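Coordinate analysis (summary)
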Amino acid sequence: MGWQAGTGLGTSGEGIVIPVESKLRPKGMGLAFKGFREKTEQSKVEARRRGEIVSEEEEEATIKRSRKTKVQVQGERSDAWKRPKKVKRKVEHKTYEQIIAEAGQEAISAGIGQIIDATGATPREIASLAEVSIASWTPTAEPMRLPELRHNLRLITEACKNDLDGLAREARALEERKKWVRNEDQRLRKQVEEEAELISSLQQVHLVVDDINTQAKEASSTYEPSLEPFSASFDKLVGHYPKEFDRYRLDEIVIAAIAPVVRRMLAQWKPLEEPAEFTAKFRLWRKALKMSVPDESQHDQVQVYGSSTVITTSAPLVEKPMTPYESLIWNAWLPKVRSAINNDWSPEDPQPAVRLYEAWSSLLPPFVRDNFFDQLILPKVHKAVSDWNPRRHRVPLQRIVFPWLPHIGLRLEDVLGDARRKVKSLLRGWVVADGMPEDLMVWKDVFSAGDWDAMLLKYIVPKLGARLRDDFRINPRQQDMIPLQDVLAWEGALRPSIFSQILETEFFPKWLDVLYIWLIQPKPSFEEVSQWYQFWKQTFPENVQTMPGVAKGFTRGLQLMNKAIELGPEAPTRLPRPEHKLAPSPSASATVSRQGTPKARPSRTQEITFRSIVEDYASSHNLLFMPTGRAHEKSRMPLFRVSQNVDKGGILVYILDDAVWAPDGDEYRAITLENMVLRATKG
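Just so you know, these numbers come straight off a predicted model, no measurement behind them.

1. Examining a negative patch on the surface
Taken together, the side chains of E193, E194, E195 and E197 make up a negatively charged region of the molecular surface. Mapped onto the secondary structure, E193 falls in helix 5 (residues 147–221).

As structure tokens, then:
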């Protein structure tokens, strides 16, 4: 096409001379990324041929910068999750005064006078040489600025700063050491003073102990033994040196000093005649003897005699050695008391032993008190109760048992169990003609309400009914009141409903029959009948007259008298004969009472159960709470009858989950105690 080598393209040769070249762009780099120039060697030659300026250094720098940027980007992307981004830290310069102040000391004056900074264009006054290093240094061609000197001074300043930091750390360590040395010195001085005071007090204690030893030797050689000389020394030892007394267990010295004297005095002592002997002195020396404070709240603990083994209901066995005082009581006091109780004391006269225990109870260790009861007192009391007979013994049973009840704690139920059996045995053999047993009412509080009623229903009520039925006769001309008086004597012991039923079934049928016979006579004297009626009504006490059965009987008699007055001469033929219900036989009463006798509670203490609460509530409303001998079909719980009478009425209930269940249609439902009383009264 007419082109010649060495000339440019185009008609005038202004085009390119060298053919177009291609340049490979780095991998992953976009157009003009980070200022990347894509000119090839061919384009640069053509540009120079046209007279354009081309810089080779700029091109190389651009290429290097783009490569470096690419490597940094790739590195940052790969390490972004491994290490945090570096942040340039700002260096803070501190003066010598600041370093010393941080070390805890006051800055020491340099003592070099005024400092002039002549490194600048104009001289100026500065506070310290550190301000020279703070000023920025800029390169300059002026020979007066001395850049080498400023650089060396900066190096010297940094070296001095490091030295000052080390000295400051050492100063802090020395200050802490000084504080520790001062504290240790104070502690040791205080310890030395305490040891000196202890030595002085022990010397004084030693003198007091020597005095006690001397007094003990003198007391052992005197004819009349006495504990009085020891009082002053014991008071001084306990009052002036309480810490040393507890720390060195000086109660051993006290017991060792008085033990020979106490044994001599106990040999002449009569415990039953002089129970309070030595007690005043022992109470005065309570701290010196280190008596344990009695804990009256622990009623569930019994200690085995001869050792301090404590038996509780919840804690394991804990054995402790005897203290010196406990050893003195066990080896000196207890043998003397044991001899007196076994040889000279009778349970029928309990007061000497009771006074002895009351005088010493607060001074005795627990295991000694338990041994006193278990080995000395209660065995003789049990034997006396089992041998007691009202015909042979003049001493009442309660005189043997009752004085010990406030003191024996958990042993109460064992003693009362024997006494209750003896009372039941007494009532089993009792006859109405002997009269009401003396002091029987004092035992009423010993029995629960249910046990008391069951015992009387079993042993007393049948005999009272038989007494009225067999021995009592209504005779207006010659009346024998002794059988009725024997029955009326039991009015306070029996429940009103039971007592009223006895009179209603055994007395009033006979009384109404005699009244009827009198009224059907041809010409009865109504004035005499009225007087006879008033006589019998006044025979009963007022509280007996208000009983439902008694009031009903007298009301029937009054109605019979009024009916006879209305009939007049026709009374002998038209006056209706009073009707009587069939009275229950003594055997039936005994059967009911046997069914009503509750089982004895197995617990050692008087147990308060929901059943006992229901019994007491029913008793307070004059109702009987008696077992029926049957069980509920579904719950299989025993059924009880709550009623006003023994043989009829009332409702059937059973007790489950601290609730009273009564019939409601075909099912039993829980009811309140008030509802139970209301339904039993209506029934």
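2. Digging into the nonpolar core
F282 and W511 are the most contacted members of the largest nonpolar core, which totals 126 residues. F282 has contacts with L227, V262, L289, M291, Y325, I329, W360 and L363, leaving out every residue within four places of it along the chain. Residues F640, I651, V653 and I655 belong to the second largest nonpolar core, which totals 16 residues.

3. Focus: the pairing of strand 5 (residues 624–631)
Where strand 5 meets strand 6 (residues 638–643), five bridges bridge the pair, whose relative direction is antiparallel. Bridge pairing in strand 6 places M626 opposite R641. Turn length for the strand 5-strand 6 hairpin, with the two strands adjacent in sequence and antiparallel, is six residues, and the turn residue R636 shows positive phi of about 60 degrees.

4. Quick look at the UniProt feature "coiled-coil region" (unreviewed entry) in the protein chain
Within this structure's numbering, the places UniProt gives as "coiled-coil region" (unreviewed entry) are residues 157–191. Annotated as 100% helix and 0% strand, the span residues 157–191 places its first and last C-alpha atoms 50 Å apart.

5. Structural notes on helix 13 (residues 366–387)
Taking 1.5 Å as the rise per residue, helix 13 with 22 residues should run 32 Å; its terminal C-alpha atoms sit 30 Å apart, in good agreement. Approximately 40 degrees is the largest bend angle found in helix 13, and it occurs at I377, with the proline P379 only one to four residues beyond.

6. Overview of helix 19 (residues 496–506)
For helix 19, a buried count of nine out of eleven residues is recorded, marking the element as mostly surrounded by other parts of the structure. Residues of helix 19 that are buried: S497, I498, F499, S500, Q501, I502, L503, T505 and E506.

7. Comments concerning the sheet that holds strand 9 (residues 667–671)
Strand order in this open sheet of five strands is 5-6-7-8-9, and the pairing throughout is antiparallel. Two strands in the sheet have a free side with no partner beyond their single neighbour: strand 5 and strand 9. Between one strand and the next, the sheet's axes are offset by a mean angle of 40 degrees, whatever the strand orientation.

8. Quick notes on the packing of aromatic side chains
A complete count under the given rule lists 35 aromatic pairs for this structure. A centroid spacing of 5.4 Å and a plane angle of 70 degrees characterise the contact between F535 and W536, whose relative ring orientation is edge-to-face. On the accessibility criterion, F535 (41% relative accessible area) is partly exposed. On the basis of relative accessible area, W536 is assigned to the buried category, the value being 0%. An aromatic cluster is present here, built from F472, F507, F508, W511, W518, W532, Y533, F535, W536, F540 and F554 joined pairwise through their rings. Positioned above the aromatic ring of F447 is the side chain of R420, whose terminal nitrogen or guanidinium carbon lies 5.9 Å from the ring centre.

9. Concerning the pattern of salt bridges
Per the counting criterion, the structure on display carries 19 salt bridges. Among the salt bridges present, the one from R467 reaches D486, with a minimum N-O distance of 2.7 Å. Here R467, found in helix 17 (residues 461–471), pairs with D486, found in helix 18 (residues 482–488); they are 19 residues apart in sequence, far enough to count as distant. D486 matches R467 in its accessibility class, with the two residues each being buried. Measuring nitrogen to oxygen at the nearest pair gives 2.6 Å for the salt bridge that ties R469 to E506. Taken together, the residues R469 in helix 17 and E506 in helix 19 connect sequence positions 37 residues apart. A residue is classified by how much of its surface remains accessible, and R469, at 27% relative accessible area, is partly exposed. A relative accessible area of 6% places E506 in the buried class.

10. Quick look at the packing of helix 15 (residues 412–428) against helix 16 (residues 449–459)
Two packed helices can be described by the angle between their axes and the distance between those axes. Contact pair helix 15 / helix 16: the axes reach a minimum separation of 9 Å and the direction vectors enclose 25 degrees. It follows that helix 15 is roughly parallel to helix 16 by the angle criterion. Classified by chirality, the crossing of helix 16 by helix 15 is right-handed. Along its contact with helix 15, which presents V423, K424, L427 and R428, the element helix 16 presents M455, L456 and Y459. When grouped by side-chain class, the residues that make up the contact of helix 15 with helix 16 number five nonpolar, no polar and two charged.

Criteria and cut-off values
Residues numbered from 1 in each chain as written. Predicted model: local features only at pLDDT ≥ 70, side-chain atom pairs only at ≥ 80, totals over all residues. Heavy atoms only, no water. Patch = residues over 30% accessible without salt bridge, like charges linked within 9 Å, V, L, I, M, F, W, Y side chains within 5 Å. Areas by Shrake-Rupley, 256 points an atom, 1.4 Å probe, with all protein chains shown as cover. Salt bridge = Lys/Arg side-chain N within 4 Å of Asp/Glu carboxyl O. Lys, Arg positive; Asp, Glu negative; His and termini not counted. Charge placed at Lys NZ, Arg CZ, Asp CG, Glu CD. Helix = DSSP H or I, 4+ residues; strand = E, 2+ residues; numbered from the N terminus. Core = buried A, V, L, I, M, F, W, Y, C linked by side-chain atoms within 4.5 Å. Buried < 20%, exposed > 50% of the residue type's maximum accessible area, 1.4 Å probe, protein only. Contact = heavy atoms within 4.5 Å. Pairing = 2+ DSSP bridges. UniProt positions renumbered as here; feature names shortened; annotations may be inferred. Expected span 1.5 Å × (residues − 1). Bend = angle between axes of the 7 residues up to and from the residue. Axes fitted to C-alpha atoms, helices over the stretch in contact; angles between N-to-C directions. Phe/Tyr/Trp six-rings, centres within 6.5 Å; stacked < 30°, edge-to-face > 60°. Lys NZ or Arg CZ within 6 Å of the ring centre and 35° of its normal. Parallel < 35°, antiparallel > 145°, perpendicular 65-115°, else oblique. Left-handed = near helix turned anticlockwise from the far one by under 90°. Nonpolar A, V, L, I, M, F, W, Y, C, P; charged D, E, K, R; others polar.

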